[in-house]
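Each chain is listed here by its residues.
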Amino acid sequence: MKWIDYASPHTVKEAVTLLAEKGDAARAMAGGTDLIVEMRVGRRTPALVVDIKGIPELNEITYTTEDGLTLGAAVPCYKIYNNKAVIKNYPGLVDAASIIGGTQIQGRASIGGNLCNAAPSGDAIPALIALGAKAKIAGVNGTRIVNVEDFCLAPRQTVVKPGELLVSLSIPAPKANTGARYIRFIPRNEMDIAVVGVGVSVELNGSTFKSARVSLASVAPKPLFVKEAGDALAGKPISEASIEKAAELAAAAAKPISDMRGTAEYRKHLCAVLTRRALNAAIERTRGGTVNAH
Amino acid sequence: MTSTYERNVVLSSKTFDVVGTRPVRHDGHEKVTGAAKYGADLYPTGVLFGKVLRSPHAHAKIKSIDTSAAEKHPGVLAVVTAKDFPIKGGDQVIKVGEGTANIKYLQDAVMATDKALFKGHPIAGVAAVNVHVAEEALALIKVDYEVLPSVLTAVDAMKPGAPIIHPQLRTDALGDTKKDNPTNIDGHVLHKMGDADAGFKRADVVVEREFNTATVHQGYIEPHNTTVNWGRDGRVYVWQSTQGPFDIRDATAKILGLSDSMVKLTPLEIGGGFGGKFSPYGTPVAALLSKKTGRPVKIIMTRQEDLEATGPTPGSYIKVKIGATKEGKITAATAYMAYESGAYPESFVGLGAMAIFAPYDIANVTIEGFGAICNKPSTAAYRAPGATNAEFASETVIDEIARKLKVDPIDFRLLNAAKEGTRRADGPVYPKIGCVEVLEAMKNHPHYKAPLKGKNIGRGVAVGWWINAGLQSACTITVNPDGTCGLVEGSPDIGGSRTAISMQAAEALGIPVEDIRPQVVSTDEVGFTAGTGGSRVTFATGWAAYEAAQDVKRQMITRAATIWDVPAESLKMEKGVVMSKMDSELKMTFKHLAGELNGTGGPIVGRGTVDPKGVGPAFAGDIVDVEVDPETGKTTIKRFTVVQDVGKAIHPSYVEGQLQGGSVQGIGWALNEEYFMTPEGRMANSTLLDYRMPTALDLPLIDTVLVEVANPGHPFGVRGVGEVNIVPPPAAIANAISQAVGVRMEVLPMKPGAVMEAIWKSGKNGNGAKLASAAKAATATNGKKTTKK
Amino acid sequence: MPTKTYVQTTINGEQVEFLCEPRQSLLECLRDILHLTGTKEGCNDGNCGACTVNMDGRIVCSCLVLGVEANGKEIGTIEGVATPKGLHPLQLAFLEGAALQCGICTPGFIVASKALLEQNPRPTEQEIRFWLANNLCRCTGYDKIVRAVMDAANRMEAAKR
C-alpha cells in the first residue's frame, strides 16, 4: 500500500476541515472494509485517511415516531440489525445489513460507507431508496440533504464533494400498512456481491396497493430507483398480474452489463424474478407475516 | 436435522488395538492454540521481505528490464532478474524429487528469461525492509514488453495457426520421434482395447456428449511462502510450507547450480496443499536475494498472486460416447480429451485417460488424450489430477444411458463394475479392489432409499477411481529410557498423518500411541521421502514406520535375550511385552526393557525404508440430493453421502475428514469455481470474493461410509484415501440436477447462470423461453454487451 | 523518513504498545511486529476469516483494521483463548472431534465460534453456519467444525449446571 497519513477527528467540523484541506487527497473511512481493500489494490490512493468513527453524530442510531430513524454514517451493520427499533420498524433495512459480507465484515462495515462507496451492487442502497431515505451531508459551509436515489452518480462516484462528509441517513417512520424487503441473488449463500439486488416498499390499502417503491442494484452504473414500477402498482389490486407488471417494468429499466458475475440477459431475468419475490415478501410483512432476513 | 441413522459409519474388516481408534493428534494442541509454526510464521533475525514483479501480459517478449530506480529506492537492498540465475538456457532433463523435469522450463517458470508466458509470470524480485517498500520498488522497475497474441484453451492451442508458445517443443506422441513440427501439444496418449466401432453397432442405446470444464484452483487457505538464508557456509537454508521437501530442495538446488544436499529444506507446518505445493515458485528467487544481501529473505504470495501465478488444475474439453444393450451391458466406450497444460508441459491428461472408464469392465474402449500448452499459469496437481474432469464426463453419460434404459443407476453400474481381474484400457489388471463393495454400500444406504419430497428436487449418484501412489519413504524410531519412542519421518503433515503413522508404529510395537513422539524433519535428517501427495503418506510412510518398528522389535528381543542369556529365537514380543515362548514367567514390558537399554549395550534405534509396490487403487461414490430453483438456476445441496473403500482406516476421524473435505472441494468445483478469463488472458476473478469456494452456509453435513476392503499389499490393509473423493461430486451433482429440472449439464461449473441457460435452451421451464426472449430483446435495445475486467 | 504512529492497546488482557505505519493492518502488526503469529493471513481482503480477532467484543477481520485503529481497544487473539487453567471447551471439542486437518483456518474458527457461543449459548446448526460463513476452510468441508461448535456449546452448558 502507498504511504497514508491517518487522522481521527472528534467533531464534524474538524473532519470537514481536514477533508477540505486535502481535497481529493483525503478520504473519510468508517468500517474500512471497502476502503482498505481499494487502497491495497491501488483503486483509491488517498494520502490522508480521516477516521470518522470517533465523531458522535456519525455513531448515532435513534428512532422517534416523529422523525423516524437517524442512522449515523459510521454505525456498523451489527449495531443496525441488533437495534430493537430498527428490527421492529425497518426489517427491510435489517435485510440488507445482515447480508453485507459475513459476521466479521458486519462487525465493521457501515451502511453509510456502503452508500459512499457507491458500488452499483451496494446492498444497502436499494433498501435505503425503497424506504425513502435521505442523506445529510456536511461541509465547511453547512449541511445539505440529498435523496438517496440521487446520491450515487456513477461507480464509485457520489454527490459528496471534496471537503464534504456524509453525516447520517434518515428514514421516515413507517406509516401504517407498509412493509419493505431487500433481497439479492448471489451464487453462494453469503459473502458474494449481488448479481442483482432488489429493494421494495409497499403501502397497502385493504386489497389494493396505495403506493410502492422499487429499487435495483447491479443492473446499471448506479443503483436505480425505478419510479415507474412503483407507480404502476399505485391503486392496483394486489394480484399476481399487477405484481408481474411491476416486475416487468423493473426488468425493462435495468441496463445490466455482462461480466464475471453474470450475463446481461441473466440479470434482466433475475430483476423480474426478484422484484416479484420482494413485493410478495413486503406484502406479507405488511399483513403481519414474518419474513426472515436470510 | 435429526437423523434416525448413523451419519458416519465404518464397515470394518478387522480390528486392532491402536489402528482404528481415534486418539487426539500429536500436533493438535499447538494447532488449536495458534502456537504451531507455519511457513509464514518464521522471522529470523535480520529477515528482509521479498516481492516479485509479474508480467501483466499473457504472452509477451521481454525486450528489456531496467531495475536501476528500484535498486536506489530507500529500504531496498537487492533486486534480481533472470540474469542472476547461474544456469543459462539448456534444454536438459534432470532428476528432481521423485520424477524428472526439464531444467529450462523449471527455471523459466521461476523467472522469465526472454518471454512472459502467462499473466503473473515472474519477471524480477526485490528484497526490502518491509512488504510495502518492496511493493513500491516493484512499481519502479521498467519493463519493455512486446505483446504477442495469446491462446487460452487446449482446443484453441491445438488449432492450426495458433500462436506457438515454445518454439522448440515437439509432441511426445506415442513413441513417434520423427515429427519436427512446432506445436503446442506437449502430450498425446492413445489406449485401445477391443473394437469400439463393432461394440457400438451391437448397442441398443448410444449416448455421446461433449463437455467443457473450467480451470479451478486448489484453494488452500495458506498462500505460498518461503524463507531462505544463503549461509556463509555456502549452503542454502530454506524454511517453508511444502508438500514435497525433497522436491523443492532438488529443484531449487538444480536451478541454483548446486548439488542437491547443498540445500537444506526444513518443512514447517503447512496450511493445505492438495497437490499445489510441489513447485519451487519463490524459493530460488528468495535464495538469490539472500545471496545478494547476506540476509534471510522471506517471500509470501498474496492471494491474487497465488491464484494467478501458481498451479491451478487443467481446464478441459472432453467428448464421451458410450453404448449399451437393453439388458444393461456396456458394449463400447470412447473418449477424446484435450487438457490444458498451462505455460509449461504436464497436463495430467495421461491420468485422466486412465480414470475415465476405470470403474467399469468394458471390452471395447478407445481413449485418446492430448495435453496442450496455453498462456495460463502452468497447471499443477489438484487432488486426483485429471480424474475429476474425466469422470464428470463419463459418469454423466453413464447416468444418461441408465435412465434411457430405465435401469436403476447403481444397478447399471453394478452390472458393469470393475472387479479383481478386470483389465483397464491403459493396460493394468486390477488386484483386489472395492468398486462393487462401494456400489453396494451406496445402494443399501438409508440415503438412497429415503423418499424425495418436493418440487425441483433430484437425486444423483456417481462413482470415481484413483490410482494412489507408493514411492519412497524413510523412518527411524528411537527407544527412550522411559519407554516412549521418538519417531522421525519426512512427510509434511497436511491432515493428521503424523498420528496415523505413529499409530501404525504403536500397533506394531504394542505400546500406546501417546507414547510415540513423532516429528517431521528437514531433508538433512531423514532418508529420501517422496512428497505428501498421491494419497501415499499413511500408506507408505506408515509402512516405513511399521518397518522401523519391526526393526526395534527385533533389537529389543535380541537385547532381552542378552539380558536373560537365552537364544533370541526363544523369545517373542506381543502387545508391548517381551516374553519367552516356553516359560510364561519370563517376561518384561517394553517400558521396563527400555529403561535397561543404556546399561546393557546402549540405545536402540530402528529404521525402515520402503518403496512399496502393493499400492491399492481406491473407489468412492456419492449420493447427493439437490434442489434447483428453476427461476434462478441456483442449486442447493440438500443431502450428501460419500462412500469410499479405504482399505483400513487407521484413524477413522481423519479418514472421514478426507472424504468430507474432498467431497466439498468437488462440490465447489461442480457449482461455482472457475477461472473467468478475459480475452487478454487475465483472470478477472482473482480474489476469494469472486473465486467462489463453498462456505459453511452453502453445505449440509456430509455423511460418510468407510468401506474396508483390505489392500492385500499393505501390513494393515491401507489404501490411500486422500484423493478419490474429489472425483465423483461434479457428476453426481449433474445427475441430480438432471433429475430435479430435466436438463443435462455439459459444463463445469454448473453455476446458476449456466443452469438457467440450460433450462431456457431445453424449453422445460414454461416461462423460461418467454422470459429469455424478453430479456434478450430488452438487452438488444440497451446497447452492446461489454465485458468488464 | 515519515514517522510511525505510537499505538497503545490491550491484547489478551495485557497492555501492549508498538510503533507502526498507518498503512500496516492490525494483522501485520500482530504478526510482523508483535510476533503473535497465531492469527493468519489467507487473502488480505476480508474474504477468508483466517485473520479473525475479537475487537471490543465483536469479531472482525484484522486485515481490514488498521493497526493504528487498535489504539485504546481490547483485542482478543487465538493466543488468549486458552488460559493457564486449560484449553477452552471449543479447543477440546476441535481436538476430540478431529475438526481440523491442516489447521491454518483453526485459529480463525475458534475465535469466531467463541464469540458466537458468548452471544448465543445454544445455536442451531444453521445459526452456526451463518455466523461462520466468513471463515473459509478448504480441508474439512465444515462438517466436523460445525459439530465441534455444537459439542462445545453442550460442554459449556453442562459446566454451568
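Residues numbered from 1 in each chain as written. Chains lettered and ligands numbered in written order. Predicted model: local features only at pLDDT ≥ 70, side-chain atom pairs only at ≥ 80, totals over all residues. Heavy atoms only, no water.

Undergrad: Report on the overall build of chain A, specifying residues and quantitative values.
TA: Along the backbone of chain A there are 11 helices and 14 strands. Relative to the 2.2 N^0.38 estimate, which gives 19 Å for 294 residues, the radius of gyration of chain A is 19 Å and therefore close to what a compact globule would have. Here the C-alpha coordinates of chain A stretch approximately 55 × 45 × 35 Å along the principal axes. Buried positions account for 61% of the 294 residues belonging to chain A. Counting contacts in chain A only where the partners sit at least 6 residues apart, residues at least 24 apart contribute 61% of the total. Of the accessible surface of chain A, which amounts to about 10700 Å², a share of 51% is contributed by carbon and sulfur atoms. (Helix = DSSP H or I, 4+ residues; strand = E, 2+ residues; numbered from the N terminus. Rg over C-alpha atoms; globule rule 2.2 N^0.38 Å. Buried < 20%, exposed > 50% of the residue type's maximum accessible area, 1.4 Å probe, protein only. Contact = heavy atoms within 4.5 Å. Areas by Shrake-Rupley, 256 points an atom, 1.4 Å probe, with all protein chains shown as cover.)

Undergrad: Explain the overall build of chain C to me, and be specific about the residues and the numbers.
TA: Along chain C, the regular secondary structure elements total five helices and five strands. The helix and strand sequence of chain C, counted from the amino end, reads β-β-α-β-β-β-α-α-α-α. Here the C-alpha radius of gyration of chain C, 16 Å, is about what a compact globule of 161 residues would show, namely 15 Å. Each of the three principal axes of chain C carries a C-alpha extent, and together these read 55 × 35 × 25 Å. Of all 161 residues assigned to chain C, the portion counted as buried reaches 65%. Once local pairs closer than 6 in sequence are excluded, the contacts in chain C between residues at least 24 apart make up 55%. Total accessible area on chain C is roughly 5600 Å²; 50% of this is exposed by carbon and sulfur atoms.

Undergrad: Would you mind going over empty space enclosed by the protein in detail, with residue names and values included?
TA: If a probe the size of a water molecule is rolled over the atoms, the empty space left behind becomes visible. A complete count under the given rule lists six cavities of 30 Å³ or more for this structure. Put simply, the largest cavity is a space of about 180 Å³. Along the wall of the largest cavity there are 19 residues; nearest its centre are A:Pro187, B:Thr635, B:Leu671, B:Asn672 and B:Asp698. Listing elements by their share of the lining of the largest cavity, those giving two or more residues are strand 28 (635-645) and helix 18 (652-671) of chain B. (1 Å grid on protein atoms, 1.4 Å probe; cavity = no way out; pocket = protein on both sides within 12 Å on 5 of 7 lines; lining within 4 Å. Points joined across faces, edges and corners; volume = space filled by probe spheres on them.)

Undergrad: Lay out the sheet that holds strand 4 (residues 61-64) of chain A with the relevant residues and their values.
TA: Residue and element names in this part refer to chain A. Spatially, five strands are ordered 4-5-10-6-7 in an open sheet, and the strand pairing comes out antiparallel. Both outer strands of the open sheet, strand 4 and strand 7 (142-147), are each paired with one neighbouring strand and no more. Going across the sheet, the axis of each strand differs from the next one's by a mean of 20°, ignoring polarity. In this structure, strand 6 (residues 134-139) lies alongside strand 10 (residues 165-171), joined through five bridges in antiparallel fashion. (Pairing = 2+ DSSP bridges. Axes fitted to C-alpha atoms, helices over the stretch in contact; angles between N-to-C directions.)

Undergrad: Lay out the environment of B:Pro730 with the relevant residues and their values.
TA: Residue and element names in this part refer to chain B. In this structure, Pro-730 sits in helix 19 (residues 729-741). The exposure class assigned to Pro-730 is buried, which follows from its relative accessible area of 0%. The sequence separation of Pro-730 and Gly-666 amounts to 64 residues, and the corresponding C-alpha distance is 6.0 Å. Excluding residues within four positions of it along the chain, Pro-730 makes contact with Thr-388, Phe-392, Gly-666, Ala-670, Leu-748 and Met-750.

Undergrad: Could you give an account of the packing of helix 15 (residues 497-509) of chain B against helix 16 (residues 537-564) of chain B, naming the residues involved and the relevant values?
TA: Residue and element names in this part refer to chain B. Here helix 15 crosses helix 16 at 35°, and the two axes come no closer than 8 Å. Every pair of crossing elements has a handedness; the one defined by helix 15 and helix 16 is right-handed. Each of Ser-497, Ala-500, Ile-501, Gln-504, Ala-505, Ala-508 and Leu-509 in helix 15 lies in contact with helix 16, whose residues at this interface are Val-537, Thr-538, Thr-541, Gly-542, Trp-543, Ala-545, Tyr-546, Ala-549, Gln-550, Val-552 and Lys-553. Across the contact of helix 15 with helix 16, the residue classes tally to 11 nonpolar, six polar and one charged. (Left-handed = near helix turned anticlockwise from the far one by under 90°. Nonpolar A, V, L, I, M, F, W, Y, C, P; charged D, E, K, R; others polar.)

Undergrad: So what about the interface of chain B and chain A? Which residues, and what values?
TA: Contacts between the two partners involve 34 residues from chain B and, on the opposite side, 29 residues from chain A. Of the roughly 3100 Å² buried at the junction of chain B and chain A (both faces included), carbon and sulfur atoms supply 53%. Between chain B and chain A we count four salt bridges in total. Taking the shortest distance from any N to any O, the salt bridge between B:Glu631 and A:Arg276 comes out at 2.5 Å. (Buried area = accessible area lost by both parts, 1.4 Å probe. Salt bridge = Lys/Arg side-chain N within 4 Å of Asp/Glu carboxyl O.)

Undergrad: Run through the packing of helix 11 (residues 264-286) of chain A against helix 20 (residues 752-762) of chain B, naming residues and quoting values.
TA: It is at 11 Å that the axes of helix 11 of chain A and helix 20 of chain B come closest, and there the two elements cross at 85°. Taken together, the axes of helix 11 of chain A and helix 20 of chain B are roughly perpendicular relative to one another. Residue-level inspection shows A:Glu265, A:Tyr266 and A:His269 of helix 11 of chain A in contact with helix 20 of chain B, the latter providing B:Pro752, B:Gly753, B:Met756 and B:Trp760. Across the contact of helix 11 of chain A with helix 20 of chain B, the residue classes break down as four nonpolar, two polar and one charged. (Parallel < 35°, antiparallel > 145°, perpendicular 65-115°, else oblique.)

Undergrad: Can you break down the pairing of strand 2 (residues 48-54) of chain B residue by residue, with the values?
TA: Residues and elements named next belong to chain B. Most of strand 2 is tucked away: seven of the seven residues are buried. Both faces of strand 2 are covered, namely the face carrying Leu-48, Gly-50, Val-52 and Arg-54 and the face carrying Phe-49, Lys-51 and Leu-53. Inspection of the sheet shows strand 2 paired to strand 15 (residues 297-300) by three bridges, in the parallel sense. Looking across to strand 15, one finds that Gly-50 is bridged to Ile-299. Two elements, strand 2 and strand 8 (residues 122-128), share six bridges in a ladder whose sense is antiparallel. The residue of strand 8 that forms the bridge with Lys-51 is Val-126.

Undergrad: Explain helix 15 of chain B residue by residue, including any values.
TA: Residues and elements named next belong to chain B. Taking 1.5 Å of rise per residue, the 13 residues of helix 15 would be expected to cover 18 Å, and the 18 Å separating its terminal C-alpha atoms lies within 8% of that figure. Taking burial as the measure, the 13 residues of helix 15 include 13 buried ones, the bulk of the element. Trailing helix 15 by a residue or two, Gly-510 shows a phi angle of about 75°, which is positive. (Expected span 1.5 Å × (residues − 1).)

Undergrad: An account of the pattern of salt bridges is needed here, citing residue identities and associated values.
TA: All names here are of chain B. Summed over all chains, the structure comprises 74 salt bridges over all chains. A salt bridge links Glu-305 to Arg-54; its shortest N-O distance comes to 2.7 Å. A residue pair is termed long-range when its members are at least 10 positions apart, and Glu-305 in helix 9 (residues 303-309) and Arg-54 in strand 2 qualify at 251 residues. Here Glu-305 matches Arg-54 in class, with each residue buried. One salt-bridge network, in which partners are shared between bridges, spans Arg-25, Asp-27, Lys-31, Glu-269, Asp-493 and Arg-498.

Undergrad: So what's going on with the sheet that holds strand 19 (residues 457-466) of chain B? Residues and values would help.
TA: The strands that make up a sheet are held in pairs by hydrogen bonds between backbone atoms, and each pair lies either parallel or antiparallel. Residues and elements named next belong to chain B. Here five strands make up an open sheet; going across it, the order is 1-29-28-27-19 and the pairing mixed. One side of each edge strand has no neighbouring strand; the edge strands of this open sheet are strand 1 (8-11) and strand 19. Between one strand and the next, the sheet's axes are offset by a mean angle of 15°, whatever the strand orientation. With respect to the sheet, helix 19 is in contact with strand 19, strand 27 (618-628) and strand 28, its orientation differing from that of strand 19 by roughly 160°.

Undergrad: So what's going on with the environment of B:Ile733? Residues and values would help.
TA: Here B:Ile733 lies in helix 19. For the pair B:Ile733 and B:Met745, spaced 12 residues apart in sequence, the C-alpha separation works out to 9.6 Å.

Undergrad: Pulling in residues and values, what's your account of the nonpolar core?
TA: Judged by nonpolar contacts, the single largest core of 187 residues is most densely connected at A:Leu216, B:Met337, B:Phe357, B:Ile733, B:Ile737, B:Met750 and C:Phe94. Not counting the four nearest positions on each side in its chain, B:Phe357 is found in contact with B:Val320, B:Ile322, B:Ala333, B:Thr334, B:Ala335, B:Ile362, B:Val365, B:Ile367 and B:Ser394. Formed by 81 residues, the second largest nonpolar core is a distinct cluster that contains A:Ile4, A:Met29, A:Ile105 and A:Leu165. (Core = buried A, V, L, I, M, F, W, Y, C linked by side-chain atoms within 4.5 Å.)

Undergrad: Account for the interface of chain B and chain C, with residues named and values stated.
TA: One frequently used descriptor of interface size is the decrease in accessible area upon assembly of the parts. Contacts between the two partners involve 61 residues from chain B, matched on the other side by 50 residues from chain C. Note on chain B versus chain C: buried area summed over both sides is about 4500 Å², and carbon and sulfur give 56% of it. If you sort the residues of chain B by the area they bury against chain C, B:Val32, B:Tyr43 and B:Ile221 come out on top, with a joint share of 16%. Where chain B packs against chain C, one counts five salt bridges. Notably, a salt bridge pairs C:Lys40 with B:Asp41, separated by 2.6 Å at the nearest N-O pair.

Undergrad: Give a detailed account of the confidence of the model for chain C, specifying residues and quantitative values.
TA: Looking at chain C, the pLDDT average stands at 97 and 99% of residues meet or exceed 70. Complex prediction metrics read pTM 0.97 and ipTM 0.98. (pLDDT = per-residue confidence, 0-100.)

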